[in-house]
Amino acid sequence: MRYIPLSGIVLCGLMLLAACQKTATAPVVQTGAEQTALYLPLLAGKRVGLLVNQTSIIGEQHLVDVLLANGVNVVSIFAPEHGFRGDHDAGASVKSGVDSKTGLPLWSLYGANKQPSAEQMQQLDVVIFDIQDVGVRYYTYISSMHYMMQAAADHGVSMLVLDRPNPNGAYVDGPVLELQFQSFVGMHPIPLLHGMTVAELAQMIKGEGWINNAEQLQLSVVPLSGYQRNRPYSLPVKPSPNLPNDQAVALYPSLGFFEATPLSVGRGTTFPFQVIGYDKFSTGNFQFVPVSTPGAALTPPLMDKVLLGEDLRQAKVQGLSLDYLLRWHALFKAQQEPFFSAAGFMDKLAGTDQLRLQIEQGLSEQQIRDSWQDALQHFRQQRQPYLLYP
């Protein structure tokens, strides 16, 4: 059973029919937001809140502008990490205020207040989530979706998720999060690469009771048309300042762990999450210098230092690779230098302390991968009722 109200079931049926039609070429993918005819009628006479950012587009227009042009009563905008316009560095404070273009109240859901207040929710009948995710557990947009779902369930507000493709949707891989390591960079007992879209994941969060009062949440989704999770999907808008292209998105699952080490993965360059480097010793000869980059990396790791390392801009990568992490760890060990400079953060990123301990114990990549398989198989079975696409 999928946890979607009647309107959502109708939408799913229509979209799945379109997705399954056989054509000579790959079908054109339509996002949930683009299919306005399917959800605008649901918003008539409703007070609407939006959890959106710069990726919430319909062609060349932002979802906010499309809704206002169609007479929808948009009451407020909520912004996740990186802000409404996507111009804040990772971890940077996102302030509430007023959107200069529309004059609408703009509320930050990143920082001290990750969940809307009761007063903010009481002004709404429905809240829309429309944000491009990248399918990696520690990418925090799905954490913001979780908190919004919780607020909607607590205050009797309906929630509508407009689905977008997962560019890493072909992969289910990595350690499954253990709840004692739950944090804003990992809230759900899912693998690092879960292979689900945000709409599928929203249904799983509700269906598995991962929020309180889950049965009270009225959740609807507008699925994608023409989407197959195994087909490549190029993002039309960069999802955050330091994931500027498809290569960075593909490498992010493998390089994100380096944020818990002394190394640079290119923040403060024009190729973030496409390089690895260090100033004292290296596994490669590629040279780069991270510099302060307002809106992307104000104080990047190893700022203004000449680094040597690996250029991965042309690397062939599929899913999660531990090779980079293991090789650099071995180099640091040979130099008798600590590798996991933020061990607690590493464990939050991994969702477990086992990955760090396995690396420190000298296990091979295959041995580490073997330790994940039972939990991954359980997850694949657990997620099956919530999947919307082949």
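Residues numbered from 1 in each chain as written. Predicted model: local features only at pLDDT ≥ 70, side-chain atom pairs only at ≥ 80, totals over all residues. Heavy atoms only, no water.

Novice: With reference to specific residues and values, describe unusual backbone geometry.
Specialist: Residues other than glycine seldom take positive phi values, yet Asn-213 does so here, at roughly 55°. Residue Asn-213 is classed as partly exposed on the basis of its relative accessible area of 38%. The phi torsion at Asp-304 lies on the positive side, around 65°, for a residue other than glycine. Along the chain, the position of Asp-304 falls in the loop between β13 (286-288) and β14 (307-311). (Buried < 20%, exposed > 50% of the residue type's maximum accessible area, 1.4 Å probe, protein only. Helix = DSSP H or I, 4+ residues; strand = E, 2+ residues; numbered from the N terminus.)

Novice: Before we move on, could you go through the packing of aromatic side chains and cite the residues and values that matter?
Specialist: Evaluated as defined, the whole model comprises 17 aromatic pairs. With centroids separated by 6.2 Å and ring planes inclined at 85°, the aromatic side chains of Phe-258 and Phe-339 adopt a geometry described as edge-to-face. On the criterion of sequence distance, the pair formed by Phe-258 in the loop between α7 (246-255) and β12 (275-278) and Phe-339 in the loop between α8 (323-334) and α9 (343-350) is long-range, its members being 81 residues apart. The pair Phe-258 / Phe-339 is uniform in exposure class, with both members buried. Through a chain of ring-to-ring contacts, three or more aromatic side chains come together here, namely Tyr-138, Tyr-139, Tyr-141, Tyr-252, Phe-257 and Phe-273. A cation over a ring is seen here: Lys-114 above Phe-184, with NZ or CZ 5.0 Å from the ring centre. When the ring centre of Phe-271 is taken as origin, the NZ or CZ atom of Arg-313, which lies over that ring, is 4.5 Å away. (Phe/Tyr/Trp six-rings, centres within 6.5 Å; stacked < 30°, edge-to-face > 60°. Lys NZ or Arg CZ within 6 Å of the ring centre and 35° of its normal.)

Novice: I'd like a rundown of the sheet that holds β12, residues and numbers included.
Specialist: Read from one edge of the open sheet, three strands run β12-β14-β13, paired in antiparallel fashion. Lying at the two open borders of the sheet, with one neighbouring strand each, are β12 and β13. Neighbour-to-neighbour, the strand axes of this sheet turn through a mean angle of 40°, independent of strand direction. Where β13 meets β14, three bridges bridge the pair, whose relative direction is antiparallel. Within β14, the position partnered with Gln-287 by the bridge is Leu-308. (Pairing = 2+ DSSP bridges. Axes fitted to C-alpha atoms, helices over the stretch in contact; angles between N-to-C directions.)

Novice: Please set out the environment of Ala-342 residue by residue, giving values where relevant.
Specialist: As for its position among the elements, Ala-342 is in the loop between α8 and α9. On the basis of relative accessibility, which here comes to 27%, the residue Ala-342 falls in the partly exposed class. With 81 residues separating them in the primary sequence, Ala-342 and Thr-261 have C-alpha atoms 6.4 Å apart.

Everything listed here is a matter of coordinates, which is why it stays silent on function.
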